[in-house]
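In case you want the letters, here they are:
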Amino acid sequence: MFDVVIVGGGAAGFFAAIHIAEARPNVKIAILERGKQVLTKVKVSGGGRCNVTHAEFNPADLASNYPRGEKELLGPFHSFATGDTIGFFEKRGIPLKIEEDGRMFPTTDSSQTIIDCFTSEAERLGVKIFRVCTVTGFENITSAKGDYWQINTTKKTYKCKKLLVSTGSNPKIWDLLQGLGHTIVSPVPSLFTFNIQDERIKNIPGISTHAEVAVLDKIKSRRNTNSASQSEILSSEGPLLITHWGMSGPAILKLSAWGAQILDSYKYEFKIRVNWVPEYHPAGLLELFLKVKQVEKKTVLRTKVLDIPKRLWANLVRASGIDDTVTWPDVTKAQLQELTTQLTQGLFFVNGKSTFKEEFVTAGGVDLKEVNFKTFESKVLSNMYFAGEVLNIDAITGGFNFQNAWTGGFLAAQGIVNSFDNT
Ligand SMILES: Cc1cc2nc3c(=O)[nH]c(=O)nc-3n(C[C@H](O)[C@H](O)[C@H](O)COP(=O)(O)OP(=O)(O)OC[C@H]3O[C@@H](n4cnc5c(N)ncnc54)[C@H](O)[C@@H]3O)c2cc1C
């Protein structure tokens with residue numbers, strides 16, 4: 001019999017265990033982990049460097065990075081957010097550094113530093129860790145001495161007063177929770193790149209530029225209709241990276257996260273409109289080109305009028321039907337009009353998705369309406385708590401997914417500790 005059993009030895013589970021044990025040293029805590037190793041996702045995270053959090057200190061701005069969970073995490077972020085994460089690690093001798101884009105990493109640039117911190121803290125605080133111990137069921141038992149949870153595993157049966165479920169995106173656990181009365185929002189992938197086969201971006205992988213991208217519609221026909229007349233479903237702006245397979249970079253990853261459900265319903269076949277020069281409207285750009293035409297004598301191909309990569313400019317000039325030898329005096333207004341469209345309203349067909357640097361996150365999980373976000377306790381089952389990706393919460397890339405695990409782990413720990421104080 002334990003006071004607290006934590007199912008899942010990942011980021012959220014360890015963070016909660018450490019906080020409960022620190023606040024109440026006499027409370028008996030067990031972590032049940034199905035793997036041979038704990039914290040395996042932490043190990044591979046951030047390319048082995050672990051992007052622990054993001055240097056965003058305003059709770060509302062921090063919450064705005066969560067396509068699912070924005071509203072629910074606002075309150076929790078007032079209790080535990082980026083600054084608290086930094087404090088937690090600094091207190092344990094692990095300073096974090098901020099990179100240019102706001103991502104925060106341990107100064108060692110090694111995820112092992114985070115793993116060593118968690119495992120040594122858990123050991124110091126007497127948290128029992130059971131590895132290769134897959135949870136196969138939970139049962140709420142009513143007894144004269146008080147209710148408790150019975151947890152069935154592939155090893156033994158465990159009992160506890162408080163149960164924290166932090167199993168990440170495990171469909172079997174979601175099935176179990178559904179069987180106990182919870183609603184599970186169907187899981188779909190988030191954080192992926194777009195597969196696009198198109199002459200305009202062929203042979204220029206590695207090129208990155210600032211662009212605005214809009215998802216237009218599910219592909220019904222491949223006819224090259226005018227993208228300007230099609231309404232957008234969602235859009236984003238930021239660095240766009242051309243890859244061997246299509247498009248990636250923050251502008252695309254943001255769309256994959258915010259559009260996780262709708263893009264799944266499109267079976268990842270849809271149209272996008274790209275503005276490679278978001279600072280220009282089509283009319284303003286055409287006007288600029290007509291002015292250039294009056295003064296420039298060289299070929300259009302060799303005169304890069306705009307601040308976009310040279311090879312991308314060349315591809316778009318060719319896609320507009322302007323031969324390599326056509327000079328500015330010879331280029332027609334119709335050709336310049338087409339170049340304007342290519343630059344500001346380029347239509348591309350997305351045909352599938354790929355993983356982003358092996359990083360992926362699952363959208364979906366325990367319905368947020370069924371959780372009390374002051375304590376992360378279930379509103380459906382008493383003495384059951386949740387933290388991390390098991391909930392229908394996910395974020396864009398940049399350290400926000402771990403911040404959700406830390407915040408949830410901390411508040412669930414506080415909820416559990418306070419519930420012991422009240423009994
Ligand atoms: C390759 C990769 C890189 C990433 N990099 C980053 C990054 O740099 N920054 C960032 O913020 N996010 C990153 N993420 C996302 C981040 O790793 C997750 O959001 C985070 O790990 C979720 O924490 P969690 O504790 O909820 O779940 P997990 O870390 O997935 O932990 C859940 C644990 O529960 C265990 N478990 C599951 N089912 C059972 C069962 N039935 N019985 C017992 N145990 C069970 C699992 O084995 C696992 O150890 C990355 C994800 C991937 C895949």
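Labelled according to an unreviewed UniProt entry, the protein chain appears under the name NAD(P)/FAD-dependent oxidoreductase, originating from Maribacter flavus. According to the UniProt record, the Cofactor (unreviewed entry) comment for the protein chain is "FAD".

A separate point is the overall build of the protein chain. A count of helices and strands for the protein chain gives 13 helices and 21 strands. Over its C-alpha atoms, taken along the principal directions, the protein chain stretches across nearly 90 × 45 × 35 Å. Accessible surface, the protein chain: about 18900 Å² in total, of which carbon and sulfur atoms supply 50%. Averaging the locations of the 48 positively and 43 negatively charged side chains of the protein chain gives two centres separated by 4 Å.

If you walk through the whole model with that rule in mind, you get 19 salt bridges. Its salt-bridge partner being Glu99, residue Arg103 comes within 3.6 Å of it at the nearest N-O pair. Residue Arg103 is classed as partly exposed on the basis of its relative accessible area, which comes to 24%. Overall, the relative accessible area of 22% leaves Glu99 in the partly exposed class. The residue Glu199 makes a salt bridge to Lys202 at a minimum N-O spacing of 3.4 Å. One salt-bridge network, in which partners are shared between bridges, spans Arg49, Lys97, Glu99, Asp101, Arg103 and Asp109.

Attention now moves to the site of the ligand. Every one of the 31 residues lining the ligand counts as a neighbour, but Ala12, Glu33, Asn170, Glu389 and Phe402 are closest to it. A distance of 2.6 Å separates an oxygen atom of the ligand from a polar side-chain atom of Glu33. Contact distances for the ligand include 2.9 Å between an oxygen atom and a backbone N or O atom of Gly46. Relative to its unbound accessible area of 1000 Å², the ligand is 95% covered by the protein chains. A per-element tally of the shell around the ligand places helix H2 (residues 40-48) first, with 4 residues. Residue classes in the shell around the ligand are distributed as 11 nonpolar, 14 polar and 6 charged.

In this model, Leu39 sits at a positive phi of 55 degrees, which is unusual for a non-glycine residue. Along the chain, Leu39 turns up in the loop between strand S2 (29-32) and H2. Classification of Leu39 as buried rests on a relative accessible area of 2%. Unlike most non-glycine residues, Val132 shows phi in positive territory, near 45 degrees. Looking at the element boundaries, Val132 is found in the loop between strand S6 (128-130) and strand S7 (135-141).

Scanning all chains against the criterion turns up 26 aromatic pairs. Centroid distance Phe15 to Phe88: 4.6 Å. Interplanar angle 55 degrees. Geometry classified as tilted. Taken together, the positions of Phe15 in helix H1 (residues 11-23) and Phe88 in helix H5 (residues 82-91) put the pair 73 residues apart, joining distant regions of the chain. On the basis of relative accessible area, Phe15 is assigned to the buried category, the value being 0%. Between Phe130 and Tyr158, the ring centres sit 5.1 Å apart and the planes meet at 55 degrees, which makes this aromatic pair tilted.

Turning our attention to the domain arrangement of the protein chain. Domain annotation of the protein chain identifies domain 1 (2-189 + 361-422) and domain 2 (194-353). The straight-line distance from the C-alpha centre of domain 1 to that of domain 2 is 41 Å. Opposite the 12 residues of domain 1 that make contact, domain 2 presents 9 residues. Applying the counting criterion to the domain 1 and domain 2 interface returns 0 salt bridges. Summed over the shared surface of domain 1 and domain 2, the number is 1 residue pair in polar contact (both at pLDDT 80 or more). When the residues that make up the side of domain 1 that touches domain 2 are grouped by side-chain class, the tally is 7 nonpolar, 3 polar and 2 charged.

This brings us to the environment of Leu240. Positionally, Leu240 belongs in strand S13 (residues 234-242). A C-alpha to C-alpha distance of 15 Å links Leu240 and Trp313, two positions 73 residues apart in sequence. Sequence-distant contacts of Leu240, that is, excluding residues within four places in its chain, are made with Ile207, Ser208, Thr209, Ala211, Val213, Met247, Ser248, Ala251, Ile252, Val274 and Trp276.

Below, the discussion takes up the sheet that holds strand S5 (residues 103-106). The 3 strands are arranged S3-S5-S4 in an open sheet whose pairing can be described as antiparallel. Two strands close off the open sheet at either side, each with one partner strand: strand S3 (53-54) and strand S4 (96-98). As paired strands, S3 and S5 are joined by 2 bridges and run antiparallel to one another. Along S5, the bridge assignment pairs Thr53 with Met104.

Before going further, it helps to spend a moment on the sheet that holds strand S16 (residues 346-351). The antiparallel open sheet is built from 7 strands, whose spatial order is S16-S15-S12-S13-S14-S11-S17. Each edge of the open sheet is held by one strand with a lone partner, namely S16 and strand S17 (353-355). Strand-to-strand twist in this sheet, taken as the mean axis angle between neighbours without regard to direction, amounts to 40 degrees. Both S13 and strand S14 (residues 246-248) contribute to a ladder of 2 bridges, which runs antiparallel. Across the sheet, Leu241 pairs through a bridge with Ser248, a residue of S14. Running at roughly 140 degrees to S13, helix H8 (residues 250-258) makes contact with strand S11 (192-195), strand S12 (208-218), S13 and S14 of the sheet.

Each value, and the rule that gives it
- Residues numbered from 1 in each chain as written.
- Predicted model: local features only at pLDDT ≥ 70, side-chain atom pairs only at ≥ 80, totals over all residues.
- Heavy atoms only, no water.
- UniProt positions renumbered as here; feature names shortened; annotations may be inferred.
- Helix = DSSP H or I, 4+ residues; strand = E, 2+ residues; numbered from the N terminus.
- Areas by Shrake-Rupley, 256 points an atom, 1.4 Å probe, with all protein chains shown as cover.
- Lys, Arg positive; Asp, Glu negative; His and termini not counted.
- Charge placed at Lys NZ, Arg CZ, Asp CG, Glu CD.
- Salt bridge = Lys/Arg side-chain N within 4 Å of Asp/Glu carboxyl O.
- Buried < 20%, exposed > 50% of the residue type's maximum accessible area, 1.4 Å probe, protein only.
- Near = heavy atom within 4 Å.
- Polar contact = N/O pair within 3.5 Å; in protein donor to acceptor, adjacent residues only side chain to side chain.
- Nonpolar A, V, L, I, M, F, W, Y, C, P; charged D, E, K, R; others polar.
- Phe/Tyr/Trp six-rings, centres within 6.5 Å; stacked < 30°, edge-to-face > 60°.
- Domains from an automatic or database assignment.
- Contact = heavy atoms within 4.5 Å.
- Pairing = 2+ DSSP bridges.
- Axes fitted to C-alpha atoms, helices over the stretch in contact; angles between N-to-C directions.

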